[in-house]
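One-letter residues, chain by chain:
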Amino acid sequence: MIKNIGFNEKITLVLSFLILNNYFLLSISTPILLVKINFFLYLFAVIIFYFRNITENFYLKLFFLLIVIISLGVPTADWDPRSNYLFHAKRIFYDLSIFSVADNYASFSHNEYPTLVPAFASSLAFFVGYWNEVLPKVSFTLIFLPPLILMYSFLKNTFYLIFLSIVFFTIGKFLFNGWLDGILAMYFCMSAFLMYFLFFANEYLEKKKLVLYLITFCFFITLTLVKNEGFVLLLIIFGTTFGIKIYQGNLKNDFVKLVILMLSFLPIIFWKLFCLSNGLGHEFLHPNILSNLSSRLADFSNFKIVSYFVLLNEKILFSIIFFLISCKISWDKNIFIFTSVIFVIYSAVLFFIFLSTPYDLFWQLNSSAARVVKSLSFFLAFFGLYNLRNYKIN
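Keep in mind the model is a prediction, meaning the values are calculated, not measured.

Re the packing of aromatic side chains
Consideration 1: All told, the structure shown has 52 aromatic pairs when counted by the stated rule.
Consideration 2: Between F49 and Y50 the ring centres are 5.6 Å apart and the planes differ by 85 degrees, which places this aromatic pair in the edge-to-face class. By the burial criterion, F49 is buried, and Y50 matches it.
Consideration 3: Summarising the aromatic geometry, the rings of F58 and Y59 are spaced 6.4 Å apart at their centres and angled 65 degrees between planes, so their arrangement reads as edge-to-face.
Consideration 4: Note that K61 overlies the ring of F49, its terminal NZ or CZ placed 5.2 Å from the centroid.

Encoded structure:
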């Protein structure tokens, strides 16, 4: 059974909405006082979650508190967190808008990147009244909380502890080091799960209430605005859902709901149109993409090296094996098809991106593959665990 579904859903929806509302407030000319109030409400909602019943979901509360403390003690030394994400947050803090990147100042920081997370980090600086190089990074960690709370509604105590272990194993230091790949992995997996739960799961039919659709809508928007990859990942989720529904012959039953959820693409589409209108391009969208791809396709060794970095990572291997074992123990056709299709499509997308990169292939793989595949490893491990939710552990 789903436990305390009302409270978990409500607090998740409130936190998710406040994250997106912060982004909205910084995209319009609004008094900074409203941004401060919005962030205060987020912290107040977190406090309510902690102290409404302090013993309930105690492991998450302890786990998350430790992650926040670690985040405060870990300096931001890597290039992307320091020179891209926190740099954008600092610009938002001083320029009072997410659109200040239109001047393309410091183009090395990739001004075309979505700014949802930097905007939330800047709101913490607004809240305390000044900028420093440590405190705003805590906001990155706070964004993990809504999906972590929501999952307590779907997994029993022992399985929820295993879920937290999987989070720590697959996402690890990306919970607190300032990189956005962990946030991307979390929201990709939870978005895929909610899509599966709402449109393919045959259980808890009475629990598929409006609030879950609203949470799903918020998670979808957040996914697209974390990193550029989020847009592709959400496209894959929708493409898989539409494809399976068409194959099953029951698309018409859910067509309207899916179309409404597709409105979640609008914020990232508006952002990309803004970037294009101001000449802010994307490093991987270049005129030589097909020539790079064709030249590397001719050499089979390129496939082997990409396969090594993408599919032979120890965490992705563990996740694949765990997922297959879970399907052997408890067969669920819907979970297997939904998960496998998404895994295959995104793996193919990664092969395409890496083989067409304008940079040296080995350098590109060595510097980014381990981060990128976190989305896949967490996705597979989570669905492997969820597939076993009714299995009795002795």
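Brief notes about the pattern of salt bridges
Consideration 1: Enumeration according to the criterion identifies nine salt bridges in this entry.
Consideration 2: One salt bridge connects R371 with D181, and the closest N-O pair in it is separated by 3.1 Å. Linking R371 in helix α18 (residues 361-372) with D181 in helix α9 (residues 181-199), this pair joins segments that are 190 residues apart in sequence. Considered together, R371 and D181 belong to a single accessibility category, that of buried residues.

Some words on a nonpolar patch on the surface
Consideration 1: Taken together, the side chains of L33, L34, I37, F40, L41, F44, I48, F127, V128 and Y130 present a nonpolar region at the surface, about 880 Å² in accessible area.
Consideration 2: Of all the secondary structure elements, the ones that give two or more residues to the nonpolar patch are α2 (32-51) and α5 (116-128).
Consideration 3: Among the elements that take part in the nonpolar patch, α2 stands out by supplying seven residues, more than any other.
Consideration 4: Tracing the sequence through the fold places V128 in helix α5.

Description of the layout of surface pockets
Consideration 1: By volume, the second largest pocket amounts to about 330 Å³.
Consideration 2: Mapped by element, the contributors of at least two residues to the lining of the second largest pocket are α1 (5-25), α10 (210-226) and α13 (266-277).
Consideration 3: For the lining of the second largest pocket, the element with the most residues is α1, which contributes five residues.

Remarks on helix α4 (residues 79-95)
Consideration 1: Over its 17 residues, α4 runs 22 Å from end to end, which matches the ideal 24 Å to within 8%, given 1.5 Å per residue.
Consideration 2: By the largest-angle criterion, F87 marks the main kink of α4, which is about 35 degrees.
Consideration 3: Among the residues of α4, D80, P81, S83, N84, Y85, L86, H88, A89, R91, I92 and F93 are the ones counted as buried.
Consideration 4: Once α4 ends, the next one or two residues include L96, with phi positive near 65 degrees.

Quick word on the nonpolar core
One recurring pattern in soluble globular proteins is that nonpolar side chains are buried together.
Consideration 1: Within the largest apolar cluster, 140 residues are counted, with the highest numbers of intra-cluster contacts made by L148, F163, F382 and F383.
Consideration 2: It is α9 that contributes the most residues to this core, 15 residues altogether.

Observations concerning unusual backbone geometry
Consideration 1: In this structure, L96 is a non-glycine residue whose phi angle is positive, near 65 degrees.
Consideration 2: Positive phi outside glycine occurs at N104, with the angle close to 55 degrees.
Consideration 3: Relative to the assigned elements, N104 resides in the loop between α4 and α5.

Quick notes on the rules
- Residues numbered from 1 in each chain as written.
- Predicted model: local features only at pLDDT ≥ 70, side-chain atom pairs only at ≥ 80, totals over all residues.
- Heavy atoms only, no water.
- Phe/Tyr/Trp six-rings, centres within 6.5 Å; stacked < 30°, edge-to-face > 60°.
- Buried < 20%, exposed > 50% of the residue type's maximum accessible area, 1.4 Å probe, protein only.
- Lys NZ or Arg CZ within 6 Å of the ring centre and 35° of its normal.
- Salt bridge = Lys/Arg side-chain N within 4 Å of Asp/Glu carboxyl O.
- Helix = DSSP H or I, 4+ residues; strand = E, 2+ residues; numbered from the N terminus.
- Patch = residues over 30% accessible without salt bridge, like charges linked within 9 Å, V, L, I, M, F, W, Y side chains within 5 Å.
- Areas by Shrake-Rupley, 256 points an atom, 1.4 Å probe, with all protein chains shown as cover.
- 1 Å grid on protein atoms, 1.4 Å probe; cavity = no way out; pocket = protein on both sides within 12 Å on 5 of 7 lines; lining within 4 Å.
- Points joined across faces, edges and corners; volume = space filled by probe spheres on them.
- Expected span 1.5 Å × (residues − 1).
- Bend = angle between axes of the 7 residues up to and from the residue.
- Core = buried A, V, L, I, M, F, W, Y, C linked by side-chain atoms within 4.5 Å.

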